[in-house]
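A structural walkthrough
What follows is each chain in one-letter form.
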Amino acid sequence: MTGQAQDIAGGMAAYNFAYLDEQTKRMIRRAILKGIAIPGYQVPFASREMPMPYGWGTGGVQVTASIIGRDDTLKVIDQGADDTTNAVSIRAFFQKVADVAVTTRTREASVIQTRHRIPEEPLTASQVLVYQVPIPEPLRFLEPRETETRKMHALEEYGLMHVKLYEDIARHGHIATTYAYPVLVDDRYVMDPSPTPKFDNPKMDMCEALQLFGAGREKRIYAIPPYTRVVSLDFEDHPFEVQRFEEPCALCAARDVYLDEVILDDKGGRMFVCSDTDHCEERRAAGHRGHLAAEEAYATTEAAQ
Amino acid sequence: MTHAAQSAASMSAVCVEGGFADPVIEAQVAFRALMDAMARPGSLCDLPGSLAPPAPLPEGLAAIALTLCDPDTPVWLASVYDTPEVRGWLAFHCACPLVVEPAQSAFAFAPAGAECPPLTAFNSGTQEYPDRSTTLLLAVEALTGGAPLHLEGPGIRSRETLAAVGLPEGFVAERAENRALFPRGGDLLLVAGLKVCALPRTTRVTAASAGMSTDEGAE
């Protein structure tokens, strides 16, 4: 271990609790309170450089660092998984700078930072869900100028978004947007739910937990308070629908969950498994078995040979 | 020591002492209380209580000041709080600029009653930047035991009841006017002792007697 690494690992004095300095935390905390007071509105904030690159969750990390306390238990997921690079490194970051308890169990966590999924298990009133957001402005790809999109939000002028969804129907026969599907929050602001699959949109509606969104590069924070109406935009003759999967999870046999496709070989072999690893593990621990969940038996046979 | 020097020394002691014992941790605890309060209007949340601000600044308002105010936030003080001791204490602990016009403030500190200007006197933000509105911290006598008000809106499952004592006259009508400005509007934190209750601009406030029968209050 180099001297510098030792300093960071052993000398907590080098950093404030939860990494950020107190004035930065106050600035972010004020933005969070205004975000909660104006559901779906993007509050500008003075995003800081973080010890990780943009695109790795600097917005979510700053929000988490500003709310987290000694009594919190943190869970971090990346595309539903607790064990991918982004999730592991952010979890390790907060263990180091805030010395907080961490977990992979959804129900044990008080703060859950997420990249692009909402856990399958319903969230409770004692939890806060923090989203990492790359592009917070839902109108950005339709109108590149910030001055114009700000005016459109001010005037509640969202016709352009409906035209975009209509063009989807004209071109593809259905609304082809499958992730970052725009929502209307509390009947006022059109909001980008971050690139979660649209499968998760219904979970945002009247959610018991507070939902906070942080976009580090774009310097925006927004929020959905608990018990707030969140409606996915649609048309009467083309109502909003979530993805459906034909087969259950290959490991835990769960249906009505979001599945990832895993390529198995170069002959077209593939399997579908839960994207939420905690949900899948808990189901397997409870005895649920999918059609490809025979690994233990297979491994035992292999070891015996 | 001369009399003048003595009083200057005690003045500076009043200004310097009485902050959070553990500023980083207690500010976090206080913020989580404020965040929970703002996310669930009508719920009563507990602020940490290790402060000793100079009179007449109430302890609850002082805890919020230390949690949220700093050189970036212009603060307006109602005249009853505007004493040399309170000014000095806020200057030392928050370094927040004090403003004369309520409309210029990011945070305003007032006791409920005649001391508090009408809510329309504060900044309600702009249509483009509704977040630039004043957050009013209003000290009330108590947050329970008063005439019940019904609260509805984001953060509330169906309906909450707030029974604060000492709310200003015409409060319900003022909140309705404020609600009509949405997305502009002021956000309100009601503070009694170390209890805080938030009424963000989204909350619809109605007098309980005007609507349904009283059995709703038991919920």
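Below is a summary of the structure that appears in this document. (Residues numbered from 1 in each chain as written. Chains lettered and ligands numbered in written order. Predicted model: local features only at pLDDT ≥ 70, side-chain atom pairs only at ≥ 80, totals over all residues. Heavy atoms only, no water.)

Below, the discussion takes up a nonpolar patch on the surface. Residue and element names in this part refer to chain A. The grouping of Val262, Leu264 and Leu292 at the surface amounts to a nonpolar patch, some 210 Å² of accessible area in total. In this structure, Leu264 sits in the loop between strand 11 (259–263) and strand 12 (270–274). For Leu264, a relative accessible area of 46% corresponds to the partly exposed category. (Patch = residues over 30% accessible without salt bridge, like charges linked within 9 Å, V, L, I, M, F, W, Y side chains within 5 Å. Areas by Shrake-Rupley, 256 points an atom, 1.4 Å probe, with all protein chains shown as cover. Salt bridge = Lys/Arg side-chain N within 4 Å of Asp/Glu carboxyl O. Helix = DSSP H or I, 4+ residues; strand = E, 2+ residues; numbered from the N terminus. Buried < 20%, exposed > 50% of the residue type's maximum accessible area, 1.4 Å probe, protein only.)

On to the pairing of strand 4 (residues 135–139) of chain B. Residue and element names in this part refer to chain B. Most of strand 4 sits out of view: five of its five residues are buried. Residues Thr135, Leu137 and Ala139 line one face of strand 4 and the alternating positions Leu136 and Leu138 line the opposite face, and both faces are buried. Relative to strand 4, strand 3 (residues 107–111) runs parallel, the two sharing five bridges. Its bridge partner lying in strand 4, Pro111 is registered against Ala139. As judged from the five bridges shared by strand 4 and strand 7 (residues 187–192), these two strands associate in the parallel manner. Counterpart to Ala139 in the pairing with strand 7 is Val191. (Pairing = 2+ DSSP bridges.)

Attention shifts here to the side chain of Gln211 of chain A. All names here are of chain A. Take Gln211: it is sitting in strand 8 (residues 210–215). Judged by relative accessible area, which is 1%, Gln211 ranks as buried. A polar side-chain atom of Gln211 sits 2.7 Å from a polar atom in the side chain of Tyr131. Here Gln211 is in contact with Leu129, Tyr131, Met204, Tyr222, Ala223 and Ile224, once residues within four sequence places are set aside. (Polar contact = N/O pair within 3.5 Å; in protein donor to acceptor, adjacent residues only side chain to side chain. Contact = heavy atoms within 4.5 Å.)

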